[in-house]
Amino acid sequence: MKEKIAQYIKDIQATSIENFKDKGAEVEMFRIKYLGKKGLVSELFEQFKTIPNDQKKEVGQILNQLKVAAQNKIEEFKSYVENAKEFEDIHDLTMPTNFSEIGSRHVLSVVMNEITEIFSRIGFTVAESVEIEDDWHLFSALNFPPDHPARDMQDTFFVEKTEGRQEVALRTHTSSVQVRVMENSKPPIRIIAPGRVFRNEAISARAHCIFHQVEALYVDKKVTFADLKQTLLYFAKEMFGADTQIRLRPSYFPFTEPSAEMDISCNICGGKGCNICKGTGWLEILGCGMVDPNVLQSCGIDPKEYTGFALGMGVERMAMLKYQIRDLRLYFENDLRFLKQFEAIV
Ligand code: DAH
């Protein structure tokens, strides 16, 4: 009897649910076979009653081992079946997923990319440069004389102002990229420089100490003001719609001569006059002009051979006009109620 029971224990231990075809039904058959009312274990306990007393202790022990082995095996089967069920649930590809929130581009990136793309369609390539600049690239090479009042036009964050050393500052405009590019390449030059700029301004709805600009520069033989004007018209129509008109007003920048500011017809009232354009029908958009010969000279380009135009615009302002955003601070507060309004724009 002992050998028989030992064999059953071995059989139980060797049984693997992996080999069951209909797992639920075969687990039940297994249970009935060993632990059912008329199963092997009860049958053996019946026989146990009849064995001689001196064998009872030994056979009783091994018989209990058989019962425990069968019970453990059934527990093992059950947890296998449960796990398998969970696994199936997870791998049901037809189940709807838990949607995890994905982010979207910031409206400033969207607008900056759009401006860049419009210019890239007419042959401009992107140029990027450092945000911490020296005096030369920020002012001197751009024709700002040391004591020129134009330097005061931009309240600058100086990083280092040590006696006898180059002044280093957070760049106040992306025009510094013009200098870096002209110093390092030969005409024809046609670049667009998007980037972050910094000015020491009190933060309000209309001013911020960090903002973004896009600069464009075109230098080649025989570049004229007509090229500038045509490029501006193309840009305005692409950016604000085909009906958009432009006008140029004379202005002053140290690095361009002549200089101008460009207005577009108000895209909100269509030029009739509204509170956005303050009743004028025009919106101020950007600064531009023909690159001053002194700037070309400073950057190692012969102004007798080459001419060029440059323009620069504020990205925050573009986005404000395009999407009627009224407060500059919204761009930097990361309020999801604001950011989510631009989710659909890519
Ligand atoms: N750098 C000027 C600013 O920050 C913008 C600007 C004006 C850039 C005229 C230009 C330009 O390239 O030609 O206000």
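These figures come from a predicted structure and were not determined experimentally.

Asks: Would you take a moment to explain the site of the ligand for this structure?
Replies: Close to the ligand lie 16 residues, the nearest being His173, Ser175, Arg199, Gln213 and Glu215. The contact in question runs from an oxygen atom of the ligand to an N or O atom on the backbone of Leu311, over 3.3 Å. Protein chains bury 90% of the 360 Å² of accessible surface belonging to the ligand in isolation. In a pocket analysis with a 2 Å cut-off to the grid points, the ligand is assigned to the largest pocket. Contributions of two or more residues to the shell around the ligand are made by α7 (175-184), β6 (210-220), β9 (282-291) and β10 (307-314). Broken down by class, the residue content of the shell around the ligand amounts to five nonpolar, nine polar and two charged.

Asks: Before we go on, may I ask you to explain the packing of helix α1 (residues 2-14) against helix α3 (residues 40-48) in this structure?
Replies: For any two helices packed against each other, one specifies the crossing angle of their axes together with the interaxial distance. Where α1 meets α3, the axes come as close as 12 Å, and the angle between the chain directions of the two elements is 165°. On the basis of their axis angle, the class for α1 and α3 is roughly antiparallel. Relative to α3, α1 is oriented so that their crossing is left-handed. Contacts from Lys4, Ile5 and Tyr8 in α1 reach Leu40, Leu44 and Gln47 in α3. Its residues placed into classes, the contact of α1 with α3 shows four nonpolar, one polar and one charged.

Asks: Explain the pairing of strand β8 (residues 256-265) here, please?
Replies: By the criterion of burial, β8 is predominantly enclosed, with eight of the ten residues buried. Counted along the chain from strand β7 (residues 246-253) to the antiparallel partner β8, the turn is two residues long. Both β8 and β9 contribute to a ladder of eight bridges, which runs antiparallel. For Glu261, the partnering residue across the bridge sits in β9 and is Gly287.

Asks: Explanation requested: α1 in the structure shown.
Replies: Between its terminal C-alpha atoms α1 stretches 18 Å, which fits the 18 Å expected from 13 residues at 1.5 Å a residue. Considered for burial, the residues of α1 that qualify are Ile5, Tyr8, Ile9 and Ile12. Seen along its axis, α1 keeps its buried residues to an arc of 100°; they face one direction. Facing away from the buried side of α1 by over 90 degrees, the exposed positions are Glu3, Lys10 and Ala14.

Asks: Please explain the layout of surface pockets as it appears in this structure.
Replies: Empty space among the atoms becomes visible once a probe the size of a water molecule is rolled across them. Taken as a whole, the largest pocket holds about 1500 Å³ of empty space. What lines the largest pocket is a set of 48 residues, among which Arg206, Glu284, Ile285, Gly314 and Arg317 lie closest to the centre. Here the lining of the largest pocket gets seven residues from one element, more than from any other, and that element is β9. Residues belonging to the lining of the largest pocket are distributed by class as follows: 24 nonpolar, twelve polar and twelve charged.

Asks: Mind showing me how you'd approach the environment of Cys209 here?
Replies: Inspection of the secondary structure assignment puts Cys209 in the loop between β5 (189-198) and β6. Sequence separation between Cys209 and Phe198 is eleven residues, and the spatial gap between their C-alpha atoms is 5.5 Å. Ignoring sequence-local partners within four residues, the contact set of Cys209 consists of Phe157, Val197, Phe198, Arg199, Glu201 and Ile203.

Asks: Before we go on, may I ask you to explain the packing of aromatic side chains in this structure?
Replies: Here the distance between the centres and the angle between the planes together describe a pair of aromatic rings. One pass over the structure, following the stated rule, counts 15 aromatic pairs. Each ring, one from Phe119 and one from Phe124, has its centre 5.3 Å from the other, and the planes form 80°; the classification is edge-to-face. A relative accessible area of 1% means that Phe119 is categorised as buried. With a relative accessible area of 4%, Phe124 lands in the buried category. Taken together, a centroid distance of 6.0 Å and an interplanar angle of 35° make the contact between Phe144 and Phe255 tilted. Of this pair, Phe144 sits in the loop between α6 (135-138) and β3 (158-160) while Phe255 sits in the loop between β7 and β8, and the two are 111 residues apart along the sequence. Judged by relative accessible area, which is 3%, Phe144 ranks as buried. Among the aromatic side chains, those forming a connected cluster through ring pairs are Phe119, Phe124, Tyr218, Phe235 and Phe309. Seen from the ring of Phe48, Lys56 lies directly overhead, with NZ or CZ sitting 5.8 Å from the centre.

Asks: Sorry, what's going on with the packing of helix α5 (residues 107-120) against helix α8 (residues 225-240) here?
Replies: Contact pair α5 / α8: the axes reach a minimum separation of 10 Å and the direction vectors enclose 135°. The angle between α5 and α8 falls in the class oblique. In the crossing of α5 with α8, the sense of the turn from one axis to the other is right-handed. Here Val111, Glu114, Ile115, Ile118 and Phe119 of α5 come into contact with α8, specifically with Thr231, Tyr234, Phe235, Glu238 and Met239.

Asks: Sorry, what's going on with the sheet that holds β9 here?
Replies: Hydrogen bonds along the backbone pair up the strands of a sheet, which may run parallel or antiparallel. Pairing is mixed across the open sheet formed by seven strands, whose spatial order is β1-β5-β6-β10-β9-β8-β7. This sheet does not close on itself; its edge strands, each paired only once, are β1 (125-126) and β7.

Cut-offs and rules
- Residues numbered from 1 in each chain as written.
- Predicted model: local features only at pLDDT ≥ 70, side-chain atom pairs only at ≥ 80, totals over all residues.
- Heavy atoms only, no water.
- Near = heavy atom within 4 Å.
- Polar contact = N/O pair within 3.5 Å; in protein donor to acceptor, adjacent residues only side chain to side chain.
- Areas by Shrake-Rupley, 256 points an atom, 1.4 Å probe, with all protein chains shown as cover.
- 1 Å grid on protein atoms, 1.4 Å probe; cavity = no way out; pocket = protein on both sides within 12 Å on 5 of 7 lines; lining within 4 Å.
- Sits in = over half its atoms within 2 Å of the grid points.
- Helix = DSSP H or I, 4+ residues; strand = E, 2+ residues; numbered from the N terminus.
- Nonpolar A, V, L, I, M, F, W, Y, C, P; charged D, E, K, R; others polar.
- Axes fitted to C-alpha atoms, helices over the stretch in contact; angles between N-to-C directions.
- Parallel < 35°, antiparallel > 145°, perpendicular 65-115°, else oblique.
- Left-handed = near helix turned anticlockwise from the far one by under 90°.
- Contact = heavy atoms within 4.5 Å.
- Buried < 20%, exposed > 50% of the residue type's maximum accessible area, 1.4 Å probe, protein only.
- Pairing = 2+ DSSP bridges.
- Expected span 1.5 Å × (residues − 1).
- Arc of directions from axis to C-beta.
- Points joined across faces, edges and corners; volume = space filled by probe spheres on them.
- Phe/Tyr/Trp six-rings, centres within 6.5 Å; stacked < 30°, edge-to-face > 60°.
- Lys NZ or Arg CZ within 6 Å of the ring centre and 35° of its normal.

Purely geometric numbers; function is a separate question.
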